[in-house]
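A closer look at the structure
Residue strings, one per chain:
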Amino acid sequence: MSRAITSLANPTVKAARALHMRKAREESGRFLAEGLKIVTEAVELGRAPRILLYSAEAGAHPLARRARAATEAAGGEAIEVGRDILAKISRRDNPQTVLAVFDQAFTPLSALDPAAAPCWVALEAVRDPGNLGTIVRTADAAGSGGVILVGDCCDPYSVEAVRATMGSVFAVKIARASVAEFLAWRAAWPGSVVGTLLTATTDFRAAAYTPPSLILMGNEQAGLTPDLAAACDVTVKIPMRGRADSLNLAVATGVMIYAATKG
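Residues numbered from 1 in each chain as written. Predicted model: local features only at pLDDT ≥ 70, side-chain atom pairs only at ≥ 80, totals over all residues. Heavy atoms only, no water.

Points about the state of the cysteines
Considering all chains together, one arrives at zero disulfides under this definition. The closest cysteine sulfur to the non-disulfide-bonded C119 is located on C232, 13 Å from its own sulfur. Accessibility expressed as a relative area gives 0% for C119, which makes it buried. Of the residues examined, C232 reaches a relative accessible area of 12% and is grouped as buried. (Disulfide = S-S within 2.5 Å. Buried < 20%, exposed > 50% of the residue type's maximum accessible area, 1.4 Å probe, protein only.)

Here we look at the side chain of R25
Within the secondary structure, R25 is located in helix α2 (residues 22-28). A relative accessible area of 3% places R25 in the buried class. Ignoring any residue separated from it by four or fewer positions in sequence, one finds R25 in contact with L19, H20, R30, F31, Q104, D155, Y157 and S158. (Helix = DSSP H or I, 4+ residues; strand = E, 2+ residues; numbered from the N terminus. Contact = heavy atoms within 4.5 Å.)

Things to note about the packing of helix α6 (residues 129-141) against helix α10 (residues 249-261)
The interhelical angle for the contact between α6 and α10, taken along N-to-C directions, is 20°, at an axis separation of 9 Å. As summarised for this structure, α6 and α10 are arranged roughly parallel, according to the angle between their axes. Our pair here, α6 against α10, has a crossing hand that is right-handed. On the side of α6, the interface is formed by N131, T134, I135, T138, A139 and A141, while α10 contributes L249, A250, T253, G254, I257 and Y258. Its residues placed into classes, the contact of α6 with α10 shows seven nonpolar, five polar and no charged. (Axes fitted to C-alpha atoms, helices over the stretch in contact; angles between N-to-C directions. Parallel < 35°, antiparallel > 145°, perpendicular 65-115°, else oblique. Left-handed = near helix turned anticlockwise from the far one by under 90°. Nonpolar A, V, L, I, M, F, W, Y, C, P; charged D, E, K, R; others polar.)

Focus: the packing of aromatic side chains
The final tally for this structure, using the stated rule, is eight aromatic pairs. When the ring of F31 is compared with that of Y157, the centres are 4.6 Å apart and the planes differ by 35°; the resulting orientation is tilted. In this pair, F31 is assigned in strand β2 (residues 30-34) and Y157 in the loop between β7 (146-150) and α7 (159-165), connecting sequence segments 126 residues apart. A relative accessible area of 1% places Y157 in the buried class. Here the aromatic rings of F182 and W185 are separated by 6.0 Å at their centres, their planes lie at 45°, and the arrangement is tilted. Taken together, the residues F182 and W185, both in helix α8 (residues 179-186) and three residues apart, mark about one turn of the helix. (Phe/Tyr/Trp six-rings, centres within 6.5 Å; stacked < 30°, edge-to-face > 60°.)

Topic: the pairing of strand β6 (residues 119-124)
Judged by how many residues are buried, β6 sits mostly within the fold: six of six residues are covered. Of the two faces of β6, both are covered, the one formed by C119, V121 and L123 as well as the one formed by W120, A122 and E124. Relative to strand β11 (residues 213-217), β6 runs parallel, the two sharing five bridges. Residue pairing for β11: L123 is matched across the bridge by M217. (Pairing = 2+ DSSP bridges.)

Listed below in structure tokens is the structure:
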């Protein structure tokens, strides 16, 4: 049954707020999502919140009622809270009227089926959560199979990354792997592996993308390491025609995804 919380010192409030910290997310295996749109996306994809927090005015919305029913049916908690609690948990002066705590969901490399989609994305040591979230959203929009995080990447379940996905975090398979694990798995990849590299001579539009294509992108500052570059069937460049010497990682990855899918 739904209940109400009015105290900022309530343990549930403290635990939800703590999910801004990576340590708390790793220890609990949970993450925080903001907004009725994202929560609705999750519910539609069969991912019910473990904890649903909503304001009194938001609770009357049909989608909020649906989210509350899904939460309770899955054994979670639906809790009405005041604006002050929403602001404390979200760390924002103008918080969303619906917040939710979900279980994280990582897919093992061994469970990925390359044939399930024409394009997949692998990211090496991506550092910016906004970039990562935007890439997950773009992968979803283009019908990609999933996003594989290689090496020391930022957390796809940070509040900033989840916010940038606009709900696609629930639709896209996310996997994690060390460099060694990824290279061993890549050895059996049935299609082409295409990476971007500053020193490449092949235009990205001229590369052969044999489906399923695996797009391999490097760190925002350093690009692909030599080991990952060597794992590519071909490395390509995206020409720069203006004064800027590079594209934002999320933009460049979007360009590559749509080149691989001819979208």
